[in-house]
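Observations on the three-dimensional arrangement
What follows is each chain in one-letter form.
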Amino acid sequence: MRIATLTSGGDCPGLNAVIRGIVRTAADFGSTVVGYEDGWVGLMEDRRIQLYDDENIDRILLRGGTILGTGRLHPDEFKSGIDRIKANLEDAGIDALIPIGGEGTLKGAKWLADNDIPVVGVPKTIDNDVNGTDYTFGFDTAVCVATDAIDRLHTTAESHNRVMIVEVMGRHVGWIALHSGMAGGAHYIVVPEEPFDIAEICKAMERRFQMGEKYGIVVVAEGALPKPGTMDFNEGGVDQFGHQTFNGIGQVIGDEIKRRTGHDVRTTVLGHIQRGGTPTAYDRVLATRYGVHAARACHEGKFGICVALHGEHIDLIPLEEAVGTLKRVPIGRIRTAQQLFG
């Protein structure tokens, strides 16, 4: 069997571990693997490289990013190129394709499967928002980076009697904000799942200062929004790929807290730091398991599916279960975190 793989969408720690898992497992079956460069664009342009089961494949395990490169392709351009995609795969002698990516990539994988291309998807996103799986690799690394930043901000905030705003990734879901905020002992956490009231945040910070705790830490997901009518905020627009753009909610919240309370406020936006660098051990193991099970599924002729983590087990779920609905933070989890505010 000849397997192809690609990485699409935003990069995140653990992508190379998936690639390694695919290559090593395929070799056990006597199969070969090629990688398409720069995501769907490389598949459309037939830019592929041979991936060998040698000492070099082991060295990529601890590397962040992706050795194949990644990119985005507009859905209309992607769908209009189906004939070219099929021709390129046939010309390369590809028997199965393993796309590694988030919800957008998995939607593309499902569309290819609906058009008779043998596909096995691997879920990837640091936001942890892919439906049908407990966790996606990259999430743990992002949480660890964010938690480390929060840990460091406690001492400088306390030294200067400041309120520190930490903006983390999370366009539509607040998993990173929730987990890093709880792990880092934040005094308020703001997530997209529940619009915030700036007056409540200010009250929580004021209460800390009145009780003698002369500083505060607020963790904010980049996609968080205020309750209608509570404060002015420009929600931004969409980019060329239909993805929402954001206008720095962390800075807006920080400015408003300073204006309303008079306290000194500083804002830290972690941005791409969260998804760069070496993956954690957990992410390396999860990503490797995803790669192994995806390659196994190909050899077992199980297509139109996606690997998923359920408890301690890796299962195979239909691609339609992984797309269409984002996995949001349950209200119960938000209420748990709120018990720790202030």
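Residues numbered from 1 in each chain as written. Predicted model: local features only at pLDDT ≥ 70, side-chain atom pairs only at ≥ 80, totals over all residues. Heavy atoms only, no water.

1. Quick look at the overall build of the chain
- Helix and strand content of the chain: 13 helices and 11 strands.
- Its C-alpha atoms give the chain a radius of gyration of 22 Å, near enough to 20 Å, the size a compact globule of 342 residues would have.
- Taking the principal axes of the C-alpha coordinates as reference, the chain spans close to 70 × 40 × 30 Å.
- Evaluated residue by residue, the chain yields a buried proportion of 53% over its 342 residues.
- Long-range pairs, those at least 24 residues apart, make up 75% of the contacts in the chain with a sequence separation of at least 6. (Helix = DSSP H or I, 4+ residues; strand = E, 2+ residues; numbered from the N terminus. Rg over C-alpha atoms; globule rule 2.2 N^0.38 Å. Buried < 20%, exposed > 50% of the residue type's maximum accessible area, 1.4 Å probe, protein only. Contact = heavy atoms within 4.5 Å.)

2. A closer look at the packing of helix H1 (residues 15-28) against helix H11 (residues 281-299)
- Following both chains from N to C, one finds H1 and H11 inclined at 40°, their axes separated by 7 Å at the closest point. With respect to H11, the axis of H1 lies oblique. Of the two possible hands of crossing, H1 and H11 adopt the one that is right-handed. Residues Ala17, Val18, Arg20, Gly21, Ile22, Thr25 and Ala26 of H1 pack against Arg284, Ala287, Thr288, Gly291, Val292, Ala295, Arg296 and His299 of H11. (Axes fitted to C-alpha atoms, helices over the stretch in contact; angles between N-to-C directions. Parallel < 35°, antiparallel > 145°, perpendicular 65-115°, else oblique. Left-handed = near helix turned anticlockwise from the far one by under 90°.)

3. Digging into the packing of helix H7 (residues 139-160) against helix H8 (residues 175-183)
- Interhelical geometry of H7 versus H8 gives an angle of 45° and a closest axis separation of 8 Å. Judged on the interaxial angle alone, H8 and H7 are oblique. The two elements H7 and H8 cross, and the hand of that crossing is right-handed. Where H7 approaches H8, its residues Phe139, Ala142, Val143, Ala146, Thr147 and Ile150 are matched on the opposing element by Trp175, Ile176, His179, Ser180, Gly181 and Ala183.
- Counted by class, the contact of H7 with H8 contains 8 nonpolar, 4 polar and no charged residues. (Nonpolar A, V, L, I, M, F, W, Y, C, P; charged D, E, K, R; others polar.)

4. Considerations on the pairing of strand S4 (residues 96-101)
- For S4, a buried count of 6 out of 6 residues is recorded, marking the element as mostly surrounded by other parts of the structure.
- In S4, alternate side chains face the same way, and those of Ala96, Ile98 and Ile100 on one face and Leu97, Pro99 and Gly101 on the other are all buried.
- Relative to S4, strand S1 (residues 2-7) runs parallel, the two sharing 5 bridges. The residue of S4 that forms the bridge with Leu6 is Pro99.
- When S4 meets strand S5 (residues 120-123), the two strands line up parallel, connected through 2 bridges. By the bridge assignment, Ile100 is partnered in S5 with Val122.
- Once you follow S4 into helix H6 (residues 103-114) and on to S5, the crossover reads as right-handed. (Pairing = 2+ DSSP bridges. Right-handed = clockwise from strand over helix to strand, strands pointing away.)

5. Brief notes about the nonpolar core
- The biggest cluster of nonpolar side chains holds 80 residues, and the ones touching the most others in it are Val122, Phe137, Phe196, Ile217, Val218 and Ile257.
- No other element matches the 8 residues that H7 contributes to this core.
- When residues of this core are assigned to domains, at least three fall in each of domain 1 (2-138 + 279-324) and domain 2 (139-276).
- Here Ile257 is in contact with Val163, Ile165, Ile198, Ile201, Cys202, Gly262 and Val265, once residues within four sequence places are set aside.
- Counting residues in each nonpolar core, the second largest holds 28 residues, with Val34, Trp40, Leu73 and Cys306 among its members. (Core = buried A, V, L, I, M, F, W, Y, C linked by side-chain atoms within 4.5 Å. Domains from an automatic or database assignment.)

6. Brief notes about the UniProt feature "binding site: Mg(2+)" (unreviewed entry) in the chain
- When the UniProt feature table is mapped onto this chain numbering, "binding site: Mg(2+)" (unreviewed entry) sits at Glu103.
- Assignment of secondary structure puts Glu103 in helix H6.
- Of the residues examined, Glu103 reaches a relative accessible area of 17% and is grouped as buried. (UniProt positions renumbered as here; feature names shortened; annotations may be inferred.)

7. Here we look at the layout of surface pockets
- What the second largest pocket holds in volume is close to 190 Å³.
- For the second largest pocket, the lining is made up of 15 residues, of which Tyr188, Ile189, Glu194, Phe196 and Gln338 are closest to its centre.
- Considered class by class, the residues forming the lining of the second largest pocket number 10 nonpolar, 1 polar and 4 charged. (1 Å grid on protein atoms, 1.4 Å probe; cavity = no way out; pocket = protein on both sides within 12 Å on 5 of 7 lines; lining within 4 Å. Points joined across faces, edges and corners; volume = space filled by probe spheres on them.)

8. Some words on H7
- For H7, which comprises 22 residues, the first-to-last C-alpha distance of 32 Å matches the rise-based estimate of 32 Å (1.5 Å per residue) to within 8%.
- In H7, a bend of some 25° at Leu153 exceeds every other bend along the element.
- Within the span of H7, buried status applies to Phe139, Thr141, Ala142, Val143, Ala146, Thr147, Ala149, Ile150, Leu153, His154 and Ala157.
- Buried residues along H7 sit against strand S6 (162-168), H8, strand S8 (216-221), strand S9 (264-269) and H11.
- After H7 finishes, the residue Asn161 shows a positive phi value of roughly 55°. (Expected span 1.5 Å × (residues − 1). Bend = angle between axes of the 7 residues up to and from the residue.)

9. Examining the sheet that holds strand S2 (residues 32-36)
- Across the sheet, which stays open at both edges, the 7 strands sit in the order S3-S2-S1-S4-S5-S10-S11 with mixed pairing between neighbours. What marks the edges here is a single partner per strand, and that holds for strand S3 (48-51) and strand S11 (313-318). Neighbour-to-neighbour, the strand axes of this sheet turn through a mean angle of 30°, independent of strand direction.

10. Quick notes on the UniProt feature "active site" (unreviewed entry) in the chain
- UniProt records the feature "active site" (unreviewed entry) at Asp127, using the numbering of this structure.
- For Asp127, the location among the structural elements is in the loop between S5 and H7.
- Residue class for Asp127 comes out buried when judged on its relative accessible area of 9%.
- In contact with Asp127, not counting residues within four places along its chain, are Phe139, Met169, Gly170, Arg171, Val173, Trp175 and Ile176.

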